[in-house]
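# A look at the structure
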Amino acid sequence: MYVAVKGGERAIENAHRLLAHERRGARDTPELTTEQISEQLALAVDRVMTEGSLYDRELAALAIKQARGDLIEAIFLLRAFRATLPRFGATLPLDTGAMQVRRRISATFKDLPGGQVLGPTFDYTHRLLEGAAGDPEPPATGDPAPVAMPRVTDLLQAEGLIEPAPADDPQAPVGDLTREPLAFPAERDVRLQNLARGDEGFLLALGYSTQRGYGRNHPFAGEIRLGEVEVEVFAEEAGFALPLGRLTVTECQMITQFKGSASAPPCFTRGYGLSFGHSERKAMSMALVDRALRARELDDEVKAPAQDEEFVLSHSDNVQATGFVEHLKLPHYVDFQAELGLVRRMRATAEVETAREGDTAAQEAAE
Amino acid sequence: MASGAAQPNADGTADGDGEIAARRAAMRLLVEADRDELAALVAEIGALPEHEEAKPSETGLVMVRGRIGGDGSAFNLGEATVSRAAVRLASGEIGFGYVLGRAREKARLVALCDALFQYAPYRGALEEKVLAPLRARLEAEQRKNAEHTAATRVDFFTLVRGED
């Protein structure tokens, strides 16, 4: 039951004023600029864009600043902003095969064509806190001659050792959660859209649970690549596809254990992850959970949380989750009064019964 | 624009139209410029032919699509902010500009350049004053990035070669 309550406007106004004051921090510390956030907290910006489901570095940086670094609050701000803009249409699907690669590694083949390129990575750092050390050295340089980097999955597919990706049908509609509410069973396009905007921590925990045996499928990181891909949109007024610019994305191809049947020899299966910016942990977690959610399609026994699509897809969105958890802070005075009345009545009834039973027992003892 | 409409190949040359391929190549450079850079380069052309906005520039969203497995059927990855504009020259050519971000003025400049690209008396000046300098800057940047990336390539054979 909801009841409108008035009052508290002054308190709310002053609370927000206090928030702005606290957000600014000590006045003798220089104020952060959104450029600094975008350039120096780039991975926070990438996470907010990915889970905010809106690629716009400037807006994501602004949202992080406004949210005082609370990334879920920033994601919420970005989602709210997107609702204010009209949708012009959809892009042509990104061609990650034509990526200008800045990082590309495979845990399955040491000497794959195109090689292992580490790029800017935390891997192999010692995780020791370092004091301020001034400007870093300029990066080392190598031979920039372009090298072909075929997908690892294509190499395996050439031998028929891995399942192909689902065949493209340009006429088939593409599910869109921003237009149609989630329904079950959900197809893989909708599941991937849900996972792409899903909470990194939630997907990380679910992916981890599959490794620990809750829906095990023995994954290998077949390939992780990071870089820039061109994005194009077909404009009817022009009559052809217009290049819009380039987006930074991270892609993960997870290679997982076999499927075969009486008619088809066994081959590896796949899980797929794709995220905005440099979001490797997210892309890997997404690929693990994508594979786990294919249990029904691949005849895996569905017994673990990560394989339960209704459980996973209904709880992955941190804006929805935070909305429902945090709404508990809002006034529930009337609901609580009702519960309070109820518990008082229950206690009163219990007391009367205890007294009556006590009387009966005393009477029986006397008789 | 409709996602279900018949679409050209990703390279936009399905109709074998060299002119469209050339416009797309020019746009690919133009959209990489930032607004002030593009405005300064366009100013280098000097007097421009009479033109107007065929449609007011506006900012909105596009749904960015990926492919399942990188090469399979499409899925919706997430949205991106986009600005678009159309500019018509007095001689009738219409140029289009679609750019990532909230950048209406940049979209208008890209559309203007696309219109000039189609207008023969100005194509040479556009190439010389706008496209060539942009191309040079982008190629230099891409080369530098490629050099930095290449230095992080793992050469497993180095360990073995250390023996000789």
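Cut-offs applied
- Residues numbered from 1 in each chain as written.
- Chains lettered and ligands numbered in written order.
- Predicted model: local features only at pLDDT ≥ 70, side-chain atom pairs only at ≥ 80, totals over all residues.
- Heavy atoms only, no water.
- Helix = DSSP H or I, 4+ residues; strand = E, 2+ residues; numbered from the N terminus.
- Buried < 20%, exposed > 50% of the residue type's maximum accessible area, 1.4 Å probe, protein only.
- Contact = heavy atoms within 4.5 Å.
- Areas by Shrake-Rupley, 256 points an atom, 1.4 Å probe, with all protein chains shown as cover.
- Axes fitted to C-alpha atoms, helices over the stretch in contact; angles between N-to-C directions.
- Parallel < 35°, antiparallel > 145°, perpendicular 65-115°, else oblique.
- Left-handed = near helix turned anticlockwise from the far one by under 90°.
- Buried area = accessible area lost by both parts, 1.4 Å probe.
- Salt bridge = Lys/Arg side-chain N within 4 Å of Asp/Glu carboxyl O.
- Expected span 1.5 Å × (residues − 1).
- Core = buried A, V, L, I, M, F, W, Y, C linked by side-chain atoms within 4.5 Å.
- Domains from an automatic or database assignment.
- Pairing = 2+ DSSP bridges.
- Phe/Tyr/Trp six-rings, centres within 6.5 Å; stacked < 30°, edge-to-face > 60°.
- Lys NZ or Arg CZ within 6 Å of the ring centre and 35° of its normal.
- pLDDT = per-residue confidence, 0-100.

### Quick look at the overall build of chain B
Each helix and strand in chain B was counted, giving 5 helices and 3 strands. Counting from the amino terminus, chain B carries its helices and strands in the arrangement α-α-β-β-β-α-α-α. Within chain B, buried positions represent 46% of all 164 residues. At a minimum sequence separation of 6, the contacts of chain B that also span at least 24 residues come to 53%. When the accessible surface of chain B is split by element, carbon and sulfur atoms take 50% of a total near 7400 Å².

### Points about the packing of helix α3 (residues 42-52) of chain A against helix α5 (residues 71-82) of chain A
Residue and element names in this part refer to chain A. In contact at an axis separation of 9 Å, α3 and α5 are set at 50° when each is read in the N-to-C sense. Taken together, the axis directions place α3 and α5 in an arrangement best described as oblique. For the pair α3 and α5, the sense of crossing is right-handed. Across from A44, R47, V48, M49, E51 and G52 in α3, the residues of α5 making contact are L71, A74, I75, L78 and R79.

### Side note on the interface of chain B and chain A
How big an interface is tends to be stated in terms of the accessible area lost upon association of its parts. Each partner contributes to the interface: chain B provides 62 residues, whereas chain A provides 80 residues. When chain B packs against chain A, the two sides together hide about 6600 Å² of surface, and 61% of this comes from carbon and sulfur. Run the count over chain B and chain A and you get 11 salt bridges. Linking B:R24 and A:E232 is a salt bridge whose minimum nitrogen-to-oxygen distance equals 3.1 Å.

### Examining helix α3 (residues 104-118) of chain B
Residues and elements named next belong to chain B. With 15 residues, α3 ought to run about 21 Å at 1.5 Å a step, and its terminal C-alpha atoms sit 21 Å apart, in line with that. In terms of burial, α3 is largely enclosed, as 12 of its 15 residues are buried. Within the span of α3, buried status applies to K106, A107, R108, L109, V110, A111, L112, C113, D114, A115, L116 and F117. On its buried face, α3 sits against α1 (18-30), α2 (35-44), β1 (51-67), β2 (74-89), β3 (94-100) and α4 (120-150).

### A look at the nonpolar core
For soluble globular proteins, the rule of thumb is that nonpolar side chains tend to be buried together. Counting residues in each nonpolar core, the largest one holds 64 residues, and the members touching the most others are A:L195, A:L242, A:L244, A:F276, B:F75 and B:L77. Mapping this core onto the domain boundaries places at least three of its residues in each of domain 1 (9-82) and domain 2 (96-119 + 147-165 + 177-323) of chain A. With residues up to four places along the chain from it excluded, the contact list for A:L244 reads A:T91, A:V231, A:E232, A:V233, B:V31, B:V62, B:V82, B:Y98, B:V99 and B:L100. If you look at the next biggest cluster of nonpolar residues, it comprises 29 residues, including B:A33, B:V87, B:L131 and B:L134.

### Structural notes on the sheet that holds strand β5 (residues 240-259) of chain A
Taken in spatial order, the 4 strands make up an open sheet running β3-β4-β5-β6 (chain A), and their pairing is antiparallel. Only two strands of the sheet have a single neighbouring strand rather than two, namely β3 (100-105) and β6 (267-276) of chain A. For this sheet, the mean inter-axis angle between neighbouring strands, taken without regard to orientation, is 30°. Relative to strand β4 (residues 220-235) of chain A, β3(A) runs antiparallel, the two being bridged by 5 bridges. What sits directly across from A:Q100, in β4(A), is A:E228. Across the sheet, α1(B) lies against β4 and β5 of chain A, angled at about 85° from β5(A), the strand it touches most.

### Some details on the packing of aromatic side chains
Under the criterion given, the structure shown has 4 aromatic pairs over all chains. Relative to B:F75, the ring of A:Y272 lies with its centre 6.3 Å away and its plane at 80°, an arrangement referred to as edge-to-face. Here A:Y272, found in strand β6, pairs with B:F75, found in strand β2, and the two come from separate chains. The residues A:Y272 and B:F75 share a single accessibility class, namely buried. Seen in terms of ring centroids, B:Y119 and B:Y122 are 5.8 Å apart; in terms of plane orientation they differ by 15°. Their pairing is stacked. Sitting over the face of the ring of A:F88, B:R84 holds its NZ or CZ atom 3.6 Å from the ring centroid. Cation over ring: B:R123 sits above B:F117, and NZ or CZ is 3.9 Å from the ring centre.

### Topic: the confidence of the model for chain B
With 85% of its residues at a pLDDT of 70 or more, chain B has an overall mean of 89. Every residue in residues 1-15 of chain B is under pLDDT 50, and counting partners more than four places away or in other chains gives 30 contacts.

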